[in-house]
Amino acid sequence: MANTILVGAQWGDEGKGKIIDVLTEQADVVVRSQGGNNAGHTVLIGAQKYILHLIPSGILRGKKQCVIGNGVVVDPVGLVREIEGLEALGVPVDGKLFISDAAHVVLPYHRLLDEQREVRKGRNKIGTTKRGIGPTYADKASRTGIRMLDLIDPERFAEVLRLRLRENNAVLKAFGAKPLSFAKVEAEYRAAGERLRPLVTNTVVMLNRAIRRRKSLLFEGAQGTFLDLDHGTYPFVTSSNTTAGGACTGSGVPPHRMDRVVGVMKAYTTRVGEGPFPTENQEISDLLHGMGREFGATTGRARRCGWFDTVLTRHAAMVNGIDQLAVTNLDGLDTVERIRVCVAYRCGGKKLDYVPTDGRLLETCEPVYREFPGWRASTADARSWKDLPARARQYLEAVSSLVGAPLMIVSVGPARDQTIFVK
Ligand code: IMP
């Protein structure tokens, strides 16, 4: 398989975990290049459900190498917990998981600051996962971060932690929060550092060597295009570059070594957290929640749901250079009588076919819909394109043509075999 970047084309939770798992079969190395344990990728293998937050889902497939790249922010205590959870289920990680020595470390003050800032924003809160992601990336950009190479050197870690705690405890105090104890944080992080030390390496060199040896790399995007710090619905975004370019900076693999970009999108749209969502619809939210679907893997929050939005996904295809589409959760629409697809926005007296930069303007956009007749039949057992009801095929073909990229995969359920390869 060529070197592939897989990105979410909506607001995250597009079902990337399942598609990555399917594509991993053809890859040698699976790489995470941004985000942290704010992500939650659900993979169902047989009756066993795995929820991964930081570890690439390639870990569930035999001998694949899995890399947490330099662009990821790592909560080492959470990562050790995730490793132990996998080991308890009989999935070993040693010798398979590699962590960049340059990845930044999430510390308890990052989580506390995340929480405090959200509380202070009141009605204007972002709705973060409270995993400390924003403050960790802020420290990275301010050049006050602590990296994995610091964490695994106990003396160096103690020295930088002492300095960082002095400053951050003062900020926490100003927020009215309890300051953190150096001894407690140091002990907890030293233990996690010891467990992770054998896994920490220079992943930039490792990945470029793998490419020279003609190995296939799969870049597992976390979150989605409209949560991208630069291209998303700012400020209601995450703090990393979730779009295709982030795979290069977050891994040290140059752009000309990337061969294709696969965009994952649900057959409808969902969003967790605050921010504009033009096609949000209560009826489809109630329907999906009533089916027990669309609750977050990381926080358990009910996701906001709405119709498929081709303005959004076409914009995602442009920004990421999407070559092929993977459409997931088609079965979520099995019972819907009339399916709506947004084809343009009506905004301040104008018709827009792109996503405006100003979220306040996007907030006022009225979707222009095209309607499709529902197929009103279960698609869960379809295993090939021709097994799908004719109306489902028409819907998918229209989506592909409106987004402007060919369909590659359609997913009709969480299991590995509920996957249709279109081409
Ligand atoms: P943060 O990444 O925790 O700072 O949260 C910022 C925004 O991104 C919030 O709206 C979150 O709900 C959203 N977000 C972060 N990670 C995910 C994810 O993996 N799926 C969906 N939304 C996410």
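Look up a bit, the structure's there.
Residues numbered from 1 in each chain as written. Predicted model: local features only at pLDDT ≥ 70, side-chain atom pairs only at ≥ 80, totals over all residues. Heavy atoms only, no water.

Asks: Can you walk me through the pattern of salt bridges in this structure?
Replies: Taken as a whole and assessed by the stated rule, the structure comprises 21 salt bridges. As a salt-bridge pair, Arg61 and Asp21 come within 3.4 Å of each other at their nearest N and O atoms. Residue Arg61 is found in the loop between strand S4 (48-52) and strand S5 (65-68), and its partner Asp21 is found in helix H1 (residues 16-24); the two are separated by 40 residues along the sequence. Asp21 shares its class with Arg61; the two are buried. The partner of Arg293 in a salt bridge is Asp331, with the nearest N and O atoms 3.0 Å apart. Residue Arg293 is located in the loop between helix H10 (282-290) and strand S13 (304-306), and its partner Asp331 is located in the loop between strand S15 (324-328) and strand S16 (338-347); the two are separated by 38 residues in the primary sequence. (Salt bridge = Lys/Arg side-chain N within 4 Å of Asp/Glu carboxyl O. Helix = DSSP H or I, 4+ residues; strand = E, 2+ residues; numbered from the N terminus. Buried < 20%, exposed > 50% of the residue type's maximum accessible area, 1.4 Å probe, protein only.)

Asks: Before we go on, may I ask you to explain unusual backbone geometry in this structure?
Replies: With glycine set apart, most residues show a phi of negative sign, and most peptide bonds adopt trans. Of note, the amide linkage connecting Tyr234 to Pro235 takes the cis form, showing an omega dihedral of 5°. Take Pro235: it is sitting in the loop between strand S10 (217-220) and helix H9 (244-249). Residues other than glycine seldom take positive phi values, yet Arg143 does so here, at roughly 65°. Within the secondary structure, Arg143 is located in the loop between helix H4 (133-142) and helix H5 (148-151).

Asks: Quick question: what am I supposed to make of the site of the ligand here?
Replies: Taken together, the neighbourhood of the ligand is formed by 15 residues, with Asp13, Asn38, Thr129, Thr238 and Arg301 sitting nearest. At a separation of 3.3 Å, an oxygen atom of the ligand approaches a polar backbone atom of Gly127. In this structure, an oxygen atom belonging to the ligand sits 2.6 Å away from a side-chain N or O atom of Thr238. In the complex, 96% of the free accessible area of the ligand, which totals 470 Å², lies under the protein chains. Across the shell around the ligand, the residue classes break down as 6 nonpolar, 7 polar and 2 charged. (Near = heavy atom within 4 Å. Polar contact = N/O pair within 3.5 Å; in protein donor to acceptor, adjacent residues only side chain to side chain. Areas by Shrake-Rupley, 256 points an atom, 1.4 Å probe, with all protein chains shown as cover. Nonpolar A, V, L, I, M, F, W, Y, C, P; charged D, E, K, R; others polar.)

Asks: What am I meant to see in the sheet that holds S10 here?
Replies: In a beta sheet, neighbouring strands are held together by backbone hydrogen bonds and run either parallel or antiparallel to one another. Across the sheet, 10 strands lie side by side as S9-S7-S5-S2-S10-S1-S11-S15-S19-S20; this open sheet has mixed pairing. Lying at the two open borders of the sheet, with one neighbouring strand each, are strand S9 (200-201) and strand S20 (419-421). As defined by bridge partners, strand S2 (residues 29-32) adjoins S10 across 3 bridges and the pair is classed as parallel. If you follow Val29 over to S10, its bridge partner there is Leu217. Set on the sheet, H1 makes contact with strand S1 (4-8), S2, S10, strand S11 (260-266), S15, strand S19 (407-411) and S20; between it and S1 the angle comes to about 165°. (Pairing = 2+ DSSP bridges. Contact = heavy atoms within 4.5 Å. Axes fitted to C-alpha atoms, helices over the stretch in contact; angles between N-to-C directions.)

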